[in-house]
Structure formats: C-alpha cells, structure tokens
Amino acid sequence: MRKQESPKPSPVKKSLWAGIAIALLAAAFLSLLLVQGREVLAAAGQGTFSGQATLALGWKELCSKISGVDFYRIVEAGDPLPGAAAFLRGGDGETAAAYSPGLDVVNLKQPGAYPVTIVRDGNTYAAEILVVDTVPPKAVSVERQCLTVDTLPAESFVEDIADATGVTVTFAAEPDFTRPGTQNVDVVLTDAGGNQTTLSSVLTVMEDTQPPAISGVRDQRFHTGDTVAYKKDVTVADDYDQEVKLVVDSSKVNPTKPGRYEVIYSARDRAGNLATETAVFTFTEATEFTDLMNAETEKVLKRITKDGMSQTEIARAIYKWTKSHIAYSGHSNKGDWEKAAVQGFTKGSGDCYIYFATAKALLEKAGIQNIDVEKIYKEGRSMHYWSLVNCGQGWYHFDTTPRKGGGEFFMLTDKELETYSLAHSNSHEFDHTLYPATPEEQPKE
C-alpha cells in the first residue's frame, strides 16, 4: 500500500498567514510605542495626550535608545534651558554636544514642543524640548469693598500671583454686586498648563445714600463788568467718590446789568445722589469810591499780612487794625458801603457802619467769606451792623465796633453773642432765620 503525502499549503493560505503575522508584529510594535510614549508622559506628570502624539513620543524614545541621543527633553516651565549634553545617553562625558543656532524659538514660559538641533561628533540630530507645566499657580486672596453701582474684576480679589506661565483669574460663580452686605467669593486661577488653584475671599457691597458735600458757596458782590470766577474756593467732597464734577448754573446772571442773580451749584455722585447749593451774586455799578477803596485795602493788607498766614490769622489782623485805626463818632450815611469804607480809611472816624464797611472791604480783598448782619429794626432804638465770617471752620460773628462795656467780638458763636446782647440792652438782636448758624465751639487757630 502506497503512503499518502500531506497536502502542501496553498499560496493563498501562505499570504493570509503572512498578513496576520505582519499585522500582529505591527500591533506589537505600535503597542510598544504607546507604552514608551505613556512612560514619557507619566515621567513628565502630564495627562493623556492624543494617540498620535503618544505614538510620536514613543517612537522618539525608541530612537533615542538606539542612537544614544535623546530626541526630546522634558523641561518644567520656568526652569532653565538644559545644556545640549543633557540629550546624550551613556554618560561617557567625553563626547561633546552643542545646540545649533535657533534656540530663540524655545519659550520656557509656555508649554509646548519646541524643535532644536543637537550636534554630536559632526552629526546633527533633530530633537525637541517639551516644556510642561505641572505646578499650579499661587496667590494671596484679598477682601474687597464696592458700591451697589460698581463691579469688580476677578483679578482684584488676588495679589502676588506666582507662576512660571501666564495665569487667568475667573470667578467660580459671579458675585451679586447689587446686593448690599457681605458675601463669600471664590476665584479660580488657571495657568497655561491647565493647573488650577481656587482661593476664597470676601466681598462687602455697600449702598451709597449720602450726597456729596459742596463747600465754599457764598453770596458775593461784584461791579458790573467784573470777571467772575464762579468755582473759586468752591470744593466738592464725597464719602466714596474721589472726584465729583461740580456743575454751576449761572444762566440767570447778567454781569453787565446791576441786580441780584441766583447761581445754583450742583454735584451728583456715581450712585446718583444729588447735592445743590444756591448763592446770590449781586452786581452794582462801580462808584467814584471804588478805585480809592481798592487802593486803600491793598495798602493796609500789605502792611498787616504776610505770606503763609491762615485766613483766621488774616481775619484777626483785619479785626485789630480796624478797631484800632478808627475813632468812634455817632453818625454816617448808610446807603453806600464803599463810600463808608473810604471814610474809614481816609478819615479814620465813624460809627458802627463805618467800622463794618471798612472791615468788609478788607475781608473782601483778602478773599475771606463774609455776610452782612443787621440788628433787628425797632422804632426808637439805634441800628447796628457787623459781619459773619467763614475762615474755613464755619460762620462766626465778627464785630470791630468798640463798645463802652468792652469785650472781644472776634469769631463769636451765636450763644456767646446772645449772652452779651441780653446783658446789654439787646445790642446784637438779629433774625436767626436770615443767617447761617454758627458752630457751638470756638474755632481752632
């Protein structure tokens, strides 16, 4: 009996098995590359890259092992650039390596892959520096305050941000800037590597209900044709706003025509609170006495004042000079205060109206706010005139007329003047509703 031979595989089966073998080898090779790439990523502390990027890293790692030259080097953002020898494997220390020109493309503060060229033994190798960012940012949280009409950026709640890469700051949840009170605020710091740090802070939201304070508004007198500086010595202060715009409505004023005109000052803060103050600007025709009065006031002020004196010190100098340079006489014409002031300067005599007018001329020239005060008229008793002055600490009574009973009438409060008046036949009885009240205490000099 003849022995039967085993059938030989057909060419088709041979091709199929070869294909399977090649596929298995390719799969194994790709698996090896993935393992190599993942090891690189794990060493760098990075998360999952795309499959293609991981394979590329695996291939570079395999080539590095074969050639003895690393085709990549992992550098933490912010660290210095490693020397070219860091790419060499084997550590023999005898083979020199250097970078080729073009290192300016490497940004050590921005994660990414940067190509470099390594020269070793006359051979050049294309490599990459992989800048990674694994360190989360640091900062110090800061408590903040604002008004209900404001908003604050997330960046304002942190300071001293420290990170090797750029950092963005966002709110974990948007605060309610319209709700008065205190609330917790969380801000998130995210660096270029995606690392995040969350910090907690406190926001205090306040409601502004107080209008600005306008100071320095006063009734003023001018001659027709004078140049008027409406905002001179007028200031605005607010409890929250650093700067508040002062608006002056002088539309009713005709500086070429004698008369009394209302000037309205207003200021509104960013919360919408409005403050208004009103003054009366009186314009009169210049008289034959105006120029002479101005010349006399300049001469006197030049003698009795000096640079650096406060308004209170100047007011006291005016008080002393007027009281000591005019002799009292019992009568004067009360119609023209400028004429009365000229009499006080040139004649050196007169009644209370002359004292009042002379002091007024000096106060006006010195830029000290003053208001004319008249004693209440009653049949059969004499009139009296004096001033209220404001040197920056409020309005106070200022009377240069000497009295038989003596006394000092420089910067008196309402209470001090009333006490004297009641003890001296109502010498200074006046209508309180027509004038601003004085402070309760004496001003500080």
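Structure: above.
Residues numbered from 1 in each chain as written. Predicted model: local features only at pLDDT ≥ 70, side-chain atom pairs only at ≥ 80, totals over all residues. Heavy atoms only, no water.

Participant: Got a minute to help me understand the overall build of the chain in this structure?
Facilitator: Helices and strands together make up the secondary structure of the chain, namely 7 helices and 22 strands. Buried positions account for 39% of the 445 residues belonging to the chain. Once local pairs closer than 6 in sequence are excluded, the contacts in the chain between residues at least 24 apart make up 53%. Within the structure as shown, the chain displays about 25,500 Å² of accessible surface, and the carbon and sulfur contribution to it stands at 52%. (Helix = DSSP H or I, 4+ residues; strand = E, 2+ residues; numbered from the N terminus. Buried < 20%, exposed > 50% of the residue type's maximum accessible area, 1.4 Å probe, protein only. Contact = heavy atoms within 4.5 Å. Areas by Shrake-Rupley, 256 points an atom, 1.4 Å probe, with all protein chains shown as cover.)

Participant: So what exactly am I meant to see when it comes to the pairing of strand S16 (residues 274-284) here?
Facilitator: Moving residue by residue along a regular strand, the side chains alternate between the two faces of the sheet. Relative to S16, strand S12 (residues 220-223) runs parallel, the two sharing 4 bridges. Bridge pairing in S16 places Arg 221 opposite Thr 282. Direction of pairing for strand S15 (residues 259-268) relative to S16: antiparallel, over a ladder of 10 bridges. Looking across to S16, one finds that Arg 260 is bridged to Thr 282. Adjacent in sequence and paired antiparallel, S15 and S16 are bridged by 5 residues, among which Gly 272 carries a positive phi angle near 95 degrees. (Pairing = 2+ DSSP bridges.)

Participant: Would you take a moment to explain the sheet that holds strand S22 (residues 410-412) for this structure?
Facilitator: The strands making up a sheet associate through backbone hydrogen bonding, with each pair oriented either parallel or antiparallel. Strand order in the open sheet formed by 4 strands is S19-S20-S21-S22, and the pairing between neighbours is antiparallel. The open sheet is flanked by strand S19 (369-374) and S22, the only strands paired with a single partner. Strand-to-strand, the axes of this sheet are offset by a mean angle of 40 degrees, without reference to chain direction. In terms of strand pairing, strand S21 (residues 395-398) meets S22 through 2 bridges, oriented antiparallel. Bridged to His 397 within S22 is Leu 412. Each of strand S20 (385-390), S21 and S22 is contacted by helix H4 (residues 311-325), which is oriented at about 115 degrees to S22, the strand it contacts most. With respect to the sheet, helix H6 (residues 352-366) is in contact with S19, S20 and S21, its orientation differing from that of S20 by roughly 25 degrees. (Axes fitted to C-alpha atoms, helices over the stretch in contact; angles between N-to-C directions.)

Participant: When you look at the nonpolar core in this model, what are you seeing that I'm missing?
Facilitator: Soluble globular proteins tend to pack their nonpolar side chains together in the buried interior. Among the nonpolar cores identified, the biggest contains 45 residues, and Met 293, Ile 304, Ile 318, Phe 345, Leu 362, Ile 368 and Phe 398 are the most heavily contacted of them. If you list the elements that add at least two residues to this core, you get helix H3 (290-304), H4, helix H5 (337-346), H6, S20, S21, S22 and helix H7 (414-423). Sorting elements by how many residues they give to this core places H6 first, with 10 residues. Ignoring sequence-local partners within four residues, the contact set of Phe 345 consists of Met 293, Glu 296, Thr 297, Val 300, Trp 321, Thr 358, Ala 361 and Leu 362. (Core = buried A, V, L, I, M, F, W, Y, C linked by side-chain atoms within 4.5 Å.)

Participant: Teacher, can you tell me more about the packing of aromatic side chains here?
Facilitator: In this description, an aromatic ring pair is defined by two values, namely the gap between the centres and the angle between the planes. Going through the model one piece at a time under the given rule, you end up with 18 aromatic pairs. Considering the side-chain rings of Trp 321 and Phe 345, the 5.9 Å spacing of their centres and the 40 degrees angle between planes classify their relative orientation as tilted. Of the two residues, Trp 321 sits in helix H4 while Phe 345 sits in helix H5, which places them 24 residues apart along the sequence. Of the two residues, Trp 321 and Phe 345, both sit in the buried class. Aromatic rings pair up to connect Phe 222, Tyr 230, Tyr 261, Phe 281 and Phe 283 into one cluster. (Phe/Tyr/Trp six-rings, centres within 6.5 Å; stacked < 30°, edge-to-face > 60°.)

Participant: What is the right way to look at unusual backbone geometry in this model?
Facilitator: Apart from glycine, the bulk of residues carry a negative phi angle, and the bulk of peptide bonds sit in the trans form. Located in the positive-phi region is Met 411, a residue other than glycine, with phi close to 60 degrees. Examined against the element boundaries, Met 411 turns out to sit in strand S22. At Ser 425, a residue that is not glycine, the phi angle is positive and equals roughly 55 degrees. In this structure, Ser 425 sits in the segment after H7.

Participant: Explain the sheet that holds S16 here, please?
Facilitator: Taken in spatial order, the 4 strands of this open sheet run S12-S16-S15-S14, and their pairing is mixed. Looking at the sheet topology across the chains shown, the edges are occupied by S12 and strand S14 (246-249). Across the sheet, the mean angle separating the axes of adjacent strands is 30 degrees when strand polarity is ignored.

Participant: Would you take a moment to explain the packing of H5 against H6 for this structure?
Facilitator: Pairs of packed helices are described in terms of their axes, by the angle between the two and the distance that separates them. Close contact between H5 and H6 brings their axes to 7 Å; oriented N to C, the two are set at 95 degrees. As far as their axial angle goes, H6 and H5 are roughly perpendicular. Residues Trp 337, Ala 340, Ala 341, Gln 343, Gly 344 and Phe 345 of H5 lie in contact with H6, whose contacting residues are Tyr 353, Ile 354, Ala 357, Thr 358, Lys 360, Ala 361 and Leu 362. Of the residues belonging to the contact of H5 with H6, the class tally is 9 nonpolar, 3 polar and 1 charged. (Parallel < 35°, antiparallel > 145°, perpendicular 65-115°, else oblique. Nonpolar A, V, L, I, M, F, W, Y, C, P; charged D, E, K, R; others polar.)

Participant: Whenever I open this one, the side chain of Thr 401 confuses me. Can you help?
Facilitator: For Thr 401, the location among the structural elements is in the loop between S21 and S22. In this structure, Thr 401 is in contact with Tyr 328, Cys 352, Tyr 355 and His 384, ignoring residues within four places of it in sequence.

Participant: Would you take a moment to explain H3 for this structure?
Facilitator: What sets the pattern is the α-helix's 3.6 residues per turn: residues three or four places apart point alike. Its 15 residues give H3 an end-to-end C-alpha distance of 21 Å, which sits within 8% of 21 Å, the value for a rise of 1.5 Å per residue. Inspection of H3 places Thr 290, Met 293, Glu 296, Thr 297, Val 300, Leu 301 and Ile 304 among the buried residues, and these make up the whole buried set. Along the long axis of H3, the arc covered by the buried residues comes to 130 degrees, so they all point the same way. When the buried face of H3 is taken as reference, the exposed residues oriented beyond 90 degrees from it are Asp 291, Lys 302 and Arg 303. Residues of H3 that are buried make contact with S12, H4, H5 and H6. (Expected span 1.5 Å × (residues − 1). Arc of directions from axis to C-beta.)

Interpretation in functional terms is not warranted from these geometric data alone.
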